[in-house]
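# Structural overview for review
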Amino acid sequence: MQAERTSTVVVTGAAGFLGSHICERFLKDGHRVLGIDNLRTGLRANVEFLASLPTGRERFCFVEADASEPWTSWLDRAPEAWMKDVPYVFHFASPASPPLYQRWPLETLAVNSVGLWSALDFATERGARVIFASTSEIYGDPAVSPQPETYFGNVNGIGPRACYDEAKRFGEALIVSYNQAKGTRHGFVRIFNTYGPRMNPDDGRVVVNFLRHAQLGQPLPVQGDGKQTRSFCYVDDLVEGLVRFAKSEEVGPINLGNDREFTILELVAAVQSLYPEKPLALRQLPAAIDDPKRRRPDLSLAKSKLGWSPTIELESGLRRMSEWLATQT
Ligand code: UDP
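What comes next is a walk through the structure. Because the structure is predicted, anything quoted here is derived from the model rather than measured. (Residues numbered from 1 in each chain as written. Predicted model: local features only at pLDDT ≥ 70, side-chain atom pairs only at ≥ 80, totals over all residues. Heavy atoms only, no water.)

### Comments concerning the overall build of the protein chain
Within the protein chain, the secondary structure is distributed over twelve helices and 13 strands. For 329 residues, the compact-globule formula gives about 20 Å, and the C-alpha radius of gyration of the protein chain, at 19 Å, lands near that figure. When its C-alpha atoms are laid out on the principal axes, the protein chain stretches across 55 × 40 × 35 Å. Of all 329 residues assigned to the protein chain, the portion counted as buried reaches 55%. Within the protein chain, counting contacts between residues at least 6 apart in sequence, those at least 24 apart form 81% of the total. Accessible surface, the protein chain as shown: approximately 14,100 Å² in total, 52% of it carbon and sulfur. (Helix = DSSP H or I, 4+ residues; strand = E, 2+ residues; numbered from the N terminus. Rg over C-alpha atoms; globule rule 2.2 N^0.38 Å. Buried < 20%, exposed > 50% of the residue type's maximum accessible area, 1.4 Å probe, protein only. Contact = heavy atoms within 4.5 Å. Areas by Shrake-Rupley, 256 points an atom, 1.4 Å probe, with all protein chains shown as cover.)

What follows is the structure, given as structure tokens:
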């Protein structure tokens, strides 16, 4: 399905990191964007930024609302005329960092289940396609690497990460079942670690946390022995993958991320190289419970189905993010 320029793209989690970048992309492409966020973990500054874009004044509408509440309770706050032609509903509202989803476990479970269900009903009534943000956490602490979409995962369903992992697993099952029952083609992607400007500086995820500590001249907090791995994708690459997925007929799962794998200690070294004049100390912390020891996406499907692969190297992405972070107080 190709979206017309006058159509309205709906984005839940519009004040969040990925949500705000999706809004920006569609505004720049000339669409109207209806952003929904309850501002629990998202930033008001992000929606103010969107409203300040050249097209934002007329084409961006923000509704401060909880996507887990019935959508009928807040939809009348959006312009009615905007709801006639909706090609995509990006359901990206959810806490996404381990400290934040562990602080808001019930809210995390709700928004990825009942919130997603409302998004599916809303979209289906309008002939729109839901794009749901699933996650590499589906794979848990993986026994295979890199992780292909066919891998069932190794998740502790009652551990401290369960509220997020199981919520996303439920979300995937809901979309697959919904499509079967109703003949729809809603979709989901599995997003691997992503970083970039407009991530909440207090989010707690490793890239923003290391950069912030480095800028403040504080020791970088390394959890565990630092030998665990992650693969970091710059947000512009990810958004391009999301747009291609939305415009395709694919249901998913499809992995989106960067497949260059780093240990956390290698990430420390990459951050250090941004500050050659400032030797960075480390602060050793206990390993997080159920922390995946490695993570790297198999991107074969994204390449073959979407013609997409990431292009931005960690070093240049880190530099761009640190420049943005330096502008934040
Ligand atoms: N981590 C760390 N210091 C931090 C934040 C995270 O050493 O300040 C580690 C964490 O234990 C994990 C990895 O970095 O092994 C990635 O954590 P993050 O919270 O970014 O996301 P995750 O991939 O675990 O969801």
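So much for the structure itself; the text now carries on.
### So, the nonpolar core
By size, the foremost hydrophobic cluster in this structure holds 63 residues, and its most contacted members are Phe90, Val271 and Leu318. Among the elements that line this core, the one with the most residues is helix α9 (residues 235–247), at seven residues. Beyond its immediate chain neighbours, meaning those up to four positions away, valine 271 contacts Phe210, Leu211, Ala214, Leu220, Leu280 and Leu318. (Core = buried A, V, L, I, M, F, W, Y, C linked by side-chain atoms within 4.5 Å.)

### Comments concerning the site of the ligand
Around the ligand lies a shell of 17 residues, among which Pro221, Gln223, Arg230, Asp291 and Arg295 are the nearest. Contacts to the ligand include asparagine 193, whose side-chain N or O atom sits 2.8 Å from an oxygen atom. Here an oxygen atom of the ligand sits 2.8 Å away from a polar atom, N or O, in the side chain of arginine 295. When residues of the shell around the ligand are traced back to their parent elements, those giving at least two are α8 (206–216) and β8 (220–223). Here the residues of the shell around the ligand sort into six nonpolar, five polar and six charged. (Near = heavy atom within 4 Å. Polar contact = N/O pair within 3.5 Å; in protein donor to acceptor, adjacent residues only side chain to side chain. Nonpolar A, V, L, I, M, F, W, Y, C, P; charged D, E, K, R; others polar.)

### Side note on the sheet that holds strand β6 (residues 187–191)
As summarised here, the arrangement of the seven strands in space is β3-β2-β1-β4-β5-β6-β11, forming an open sheet in which the pairing is parallel. Sheet topology places β3 (60–64) and β11 (254–256) at the edges, where each strand pairs with a single neighbour. Within the sheet, the average angular offset between the axes of one strand and its neighbour, ignoring direction, is 20 degrees. In this sheet, β3 lies alongside strand β2 (residues 32–37) in parallel orientation, the contact comprising five bridges. Its bridge partner lying in β3, glycine 35 is registered against phenylalanine 62. On the sheet, helix α7 (residues 162–182) packs against β5 (129–135) and β6 and is oriented at approximately 150 degrees with respect to β5. (Pairing = 2+ DSSP bridges. Axes fitted to C-alpha atoms, helices over the stretch in contact; angles between N-to-C directions.)

### Digging into the pattern of salt bridges
Per the stated rule, a full pass over the model turns up 20 salt bridges. In this structure, glutamate 24 and arginine 198 form a salt bridge, with 2.9 Å as the shortest nitrogen-oxygen distance. Here arginine 198 lies in the loop between β7 (194–195) and α8 and glutamate 24 lies in helix α1 (residues 17–28), a separation of 174 residues in the sequence. Accessibility expressed as a relative area gives 12% for glutamate 24, which makes it buried. With a shortest N-O distance of 2.8 Å, aspartate 203 and arginine 205 are connected by a salt bridge. Residue classification places arginine 205 among the partly exposed residues on the basis of a relative accessible area of 23%. In the salt-bridge network here, residues are joined through shared partners; they are Glu137, Arg161, Arg230, Asp291 and Arg295. (Salt bridge = Lys/Arg side-chain N within 4 Å of Asp/Glu carboxyl O.)

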